[in-house]
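Structural overview for review
Spelled out, the chains give:
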Amino acid sequence: MRPDVPDSTASAVLRCAADPIVAFDEGLCVTAWNPAAERLFGWKAEEVLGRMVPIIPDELKAEHNAVLERVREGPQISIGTRRLTRERRLVDVRIDTSALRDDDGALLGWVSVFHRVTEADQHVAAEKARLVRRLNDILGDLNAQHDLERVLDRITAAVLELTGADAAGFVRIEDDRLRLVSARGLPADLVGTSVALRASLVEEILRTDRPVLLATRPRLDDLVWRALPGLRMVALGLAFLGDRPYGALYALFAGRSAGHTELELLELLAGHAGVAVGNVMAYQEVVRQRAHERAVIDASVDGIAVLDARGRVCQWNPAAARLTGMPPEAVLGGRLPFEHDPGGEVTLQLANGTWLDILCAPIPETGELVIDFRDVTAAKALEESKDLFLATTSHELRTPITVVRGFAETLVNRWEELPDGERRRAVGTIADRARALGRLVEQLLLGSRAGAEELPVVREAFDLGGLLRRVVPAFQPLSELHRLEVRVPEGLPRALGDPMATDIIVGQLVENACKYSPSGGLITVEAGLADGSLVVTVDDEGVGIAEGDHERIFDRFVQGEAGDRRRFGGVGLGLYIVKRLATAQGGDISAHSRAGGGARLRLALPLANVTDETCV
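Fair warning: this is a prediction, and the values are worked out from it, not measured in the lab.

Conventions used here
- Residues numbered from 1 in each chain as written.
- Predicted model: local features only at pLDDT ≥ 70, side-chain atom pairs only at ≥ 80, totals over all residues.
- Heavy atoms only, no water.
- Helix = DSSP H or I, 4+ residues; strand = E, 2+ residues; numbered from the N terminus.
- Buried < 20%, exposed > 50% of the residue type's maximum accessible area, 1.4 Å probe, protein only.
- Contact = heavy atoms within 4.5 Å.
- Areas by Shrake-Rupley, 256 points an atom, 1.4 Å probe, with all protein chains shown as cover.
- Pairing = 2+ DSSP bridges.
- Axes fitted to C-alpha atoms, helices over the stretch in contact; angles between N-to-C directions.
- Core = buried A, V, L, I, M, F, W, Y, C linked by side-chain atoms within 4.5 Å.
- Salt bridge = Lys/Arg side-chain N within 4 Å of Asp/Glu carboxyl O.
- Parallel < 35°, antiparallel > 145°, perpendicular 65-115°, else oblique.
- Left-handed = near helix turned anticlockwise from the far one by under 90°.
- Phe/Tyr/Trp six-rings, centres within 6.5 Å; stacked < 30°, edge-to-face > 60°.
- Lys NZ or Arg CZ within 6 Å of the ring centre and 35° of its normal.
- pLDDT = per-residue confidence, 0-100.

**What about the overall build of the protein chain?**
Counting its secondary structure elements, the protein chain contains 17 helices and 23 strands. Buried residues in the protein chain amount to 45% of all 616 residues. Excluding contacts between residues fewer than 6 apart, the proportion of contacts in the protein chain whose partners are at least 24 apart in sequence is 54%. For the protein chain, the accessible area works out to roughly 31,500 Å², and carbon and sulfur atoms hold 52% of it.

As structure tokens, then:
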């Protein structure tokens, strides 16, 4: 327009133009919006002036940016595309876009003139749609790749396919350097070449914060692109990893120039390239983490199992196989072969005798459950040994001490009343009990020092009948309410076992019979043969045994019904120790209710053969 043409004439041209005209500055804010634009798009000029262009669909913003970049470096561009109306309706248009410059050539913004589409525009749009579909196929290939080098090569090949460029490359940003990591259409020995970031096209696009950049001579000395003969134009798009620039895609043109479609596709591909690279790096990091976790799990001395959301074993480390004796193939895909508490800790014994401490830890994000189990067999053995020592010293030693105390008090209180023979028998009993006590203490201390798994006993042939005749009467002075009877048949065979352990057992059973028949009555100790064993029964006329407690009374800290402890005292270890002593010498003990009331405790011991020798 001539310099002498008044502004009113320019305004009239804009107002009277048949085609919509929209101008906007470098910030993409509208600076001109003629009446034809109002009619096409539905917004009044006063609604859009000074604001961002409202007519560009989100999916076409990359196209719009590519057009502006192309126009920045060259002449007007005409494209067929779509734009939004105020009613959010898409209209097909052909847009002629030019750069707005001042008298000195400085860029002021852009101006676009909109036309109804022609058949040629529709053809261009169809070709563009084909390329976009092909881009989607390429993106599917990228997302299926887990190797970074292959992904970068596929991205570089896609640049040639989508833009029709003569060569392509991908450069990675490494601090203040650029390194060519993939190339097509260039000499192979260029891959790996590194140059400074400063003053490069990548540095320019980072500085200007533009999504794509188009460069022509004389700015083509960037990196090693001079290796392409006849190079005339370079298109560049940035790839981001998260919010951090990762690299750049180059499209190199020698035989022809790049258009806005090529720039749009390059911008889209560069954006998706960053996503694909991020996916690969995330996958590789997961692989590294899993390898590290697997190494830690496999090296652990603890058994570790992982249950999936359905409660089935999906991991089973070597320690788990060693502790349970079950290889992975016998466990994976099935249920955990032992009990566990998803919310806490459990200690249990496996069928192979191994004691385990089992701890569970849920993984809320996956619904999985990590099971850690540790072999505590040695600790259990030590605990059992300690418990046995303490229990025996506080309870098993009590029986002989009680006898000694009883006879001693009798001698002190009734010395003058007792005949000489009775006094001698009392003193003899005290001496006998003291010797037994000494032997027991000696044996317990030895067993404690050795850390024996079982109570140490001696198995030898001994006179069970003689033991009963000697031990049982010693308890008579302890209770004036009870009457003790010993029934041993003549010619009773010898038993095979530990006489001292049997002495303790019989004493404990007689003491229990007295304790649990507080009203007194007859206590009968009888020996005989049954089922090939020597059997000793202790019957009382006391409170008896509650239903369901016949096995439980031999457990630690159990005294039958809850009220018994308050009524009869003690901590419930006596019969537990009796059970251990009986089984340690090859015998057994059981509890029964008597038909007429009271309880019967039955001790069974092996018969001794003539050839039996003492063995430990």
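After presenting the structure, the write-up continues.
**A short note on the sheet that holds strand β20 (residues 521-530)**
Across the sheet, 5 strands lie side by side as β18-β20-β21-β23-β22; this open sheet has mixed pairing. Sheet topology places β18 (482-487) and β22 (588-593) at the edges, where each strand pairs with a single neighbour. Across the sheet, the axes of successive neighbouring strands diverge by a mean angle of 15°, strand direction being ignored. Here helix α17 (residues 574-584) sits on the sheet and contacts β22 and β23 (599-606); the angle it forms with β22, its principal contact strand, is near 135°.

**Things to note about the sheet that holds strand β5 (residues 107-116)**
Strand order in the open sheet formed by 5 strands is β2-β1-β5-β4-β3, with antiparallel pairing between adjacent strands. Of all the strands in the sheet, the pair left with one neighbour each is β2 (30-33) and β3 (77-84). When strand polarity is set aside, the average angle formed by the axes of neighbouring strands in this sheet is 30°. When β3 meets strand β4 (residues 90-101), the two strands line up antiparallel, connected through 8 bridges. Its bridge partner being in β4, Ile-77 is matched across the sheet by Thr-97. The strands touched by helix α4 (residues 61-73) are β1 (21-25), β3, β4 and β5; relative to β3, the strand with the most contacts, the crossing angle is about 155°.

**Some words on the nonpolar core**
If you look at the biggest cluster of nonpolar residues, it comprises 49 residues, and the most contacted ones within it are Leu-464, Leu-468 and Leu-509. Of all the elements, helix α15 (residues 499-515) adds the most residues to this core, at 8 residues. If near-sequence neighbours (up to four positions away) are discounted, Leu-468 is found in contact with Pro-473, Val-486, Val-488, Val-506, Val-525, Ala-527 and Val-536. Among the nonpolar cores identified, the runner-up in size contains 36 residues, and Val-151, Leu-152, Ala-168 and Tyr-246 belong to it.

**Some words on the environment of Asn-143**
Counting through the fold element by element, Asn-143 comes out in helix α5 (residues 119-144). For the pair formed by Asn-143 and Val-280, sequence separation is 137 residues and the distance between their alpha carbons is 8.2 Å.

**A short note on the pattern of salt bridges**
Following the criterion strictly, the structure yields 23 salt bridges and no others. Note that Glu-485 is salt-bridged to Arg-487, the shortest N-O span being 3.0 Å. For Arg-487, a relative accessible area of 39% puts it in the partly exposed group. Among the charged side chains, a salt-bridge network with shared partners connects Glu-26, Glu-69, Arg-72 and Arg-210.

**What about the packing of α4 against helix α8 (residues 260-299)?**
Packing of α4 against α8 leaves a shortest axis separation of 8 Å and a crossing angle of 125°. The orientation of α4 relative to α8 falls into the category oblique. Taken as a pair, α4 and α8 cross one another with a handedness that is right-handed. For the pair formed by α4 and α8, the contact residues are Ala-62, Glu-63, Asn-65, Ala-66, Val-67, Glu-69 and Arg-70 on the first element and His-260, Leu-263, Glu-264, Glu-267 and Leu-268 on the second.

**Side note on unusual backbone geometry**
With a phi close to 70°, Leu-28 is a non-glycine residue in the positive phi region. Structurally, Leu-28 can be placed in the loop between β1 and β2. Positive phi is not limited to glycine here, since Arg-88 has a value of about 65°. Overall, Arg-88 belongs to the exposed group, its relative accessible area being 57%.

**Considering the packing of aromatic side chains**
How two aromatic rings sit relative to each other is given by the distance of their centres and the angle of their planes. Tallied over the full model, the rule gives 6 aromatic pairs. Summarising the aromatic geometry, the rings of Trp-33 and Phe-41 are spaced 5.7 Å apart at their centres and angled 45° between planes, so their arrangement reads as tilted. A residue is classified by how much of its surface remains accessible, and Trp-33, at 6% relative accessible area, is buried. When the centroid spacing of 4.9 Å and the interplanar angle of 75° are considered together, the rings of Phe-338 and Phe-373 count as edge-to-face. Residue Phe-338 is located in the loop between α10 (328-331) and β14 (345-349), and its partner Phe-373 is located in strand β16 (residues 368-375); the two are separated by 35 residues in the primary sequence. For the pair Phe-338 and Phe-373, a shared accessibility class is recorded, and that class is buried. Note that Arg-423 overlies the ring of Trp-415, its terminal NZ or CZ placed 4.6 Å from the centroid. Here the guanidinium or amino end of Lys-579 rests over the ring plane of Phe-554, the centre of that ring lying 5.4 Å away.

**Focus: the pairing of strand β10 (residues 233-241)**
Counting buried positions over the 9 residues of β10 gives 8, a clear majority of the element. Here strand β9 (residues 212-216) runs beside β10; their pairing, made up of 5 bridges, is antiparallel. Residue Leu-213 lies in a different strand from β10, and its bridge partner there is Leu-236. Pairing analysis gives 9 bridges linking β10 to strand β11 (residues 244-253), with the strands arranged antiparallel. Bridged to Met-233 within β11 is Phe-253. Between β10 and the antiparallel strand that follows it, β11, lie 2 residues; Gly-242 among them carries a positive phi value of about 70°.

**Brief notes about the environment of Glu-480**
Here Glu-480 lies in the loop between α14 (464-471) and β18. Under the relative-accessibility criterion, Glu-480 is labelled exposed at 83%. With 41 residues separating them in the primary sequence, Glu-480 and Gly-521 have C-alpha atoms 9.9 Å apart.

**Considering the confidence of the model for the protein chain**
Predicted confidence across the protein chain gives a mean pLDDT of 84, with 87% of residues reaching 70 or more. Confidence drops under a pLDDT of 50 for residues 446-453, and excluding neighbours within four residues, the segment shows 6 contacts in the predicted structure. Scored below 50 in pLDDT, residues 561-566 shows 11 contacts in the model against residues more than four places distant or in partner chains.

**Considering the packing of α15 against α17**
For the pair α15 and α17, interaxial distance at closest approach is 10 Å and the crossing angle is 150°. It follows from the interaxial angle that α15 and α17 lie roughly antiparallel. For the pair α15 and α17, the crossing hand works out as left-handed. Residues Ala-501, Ile-504, Ile-505, Gln-508, Leu-509 and Asn-512 of α15 form the contact with α17, whose own contacting residues are Gly-574, Leu-575, Val-578, Leu-581 and Ala-582.

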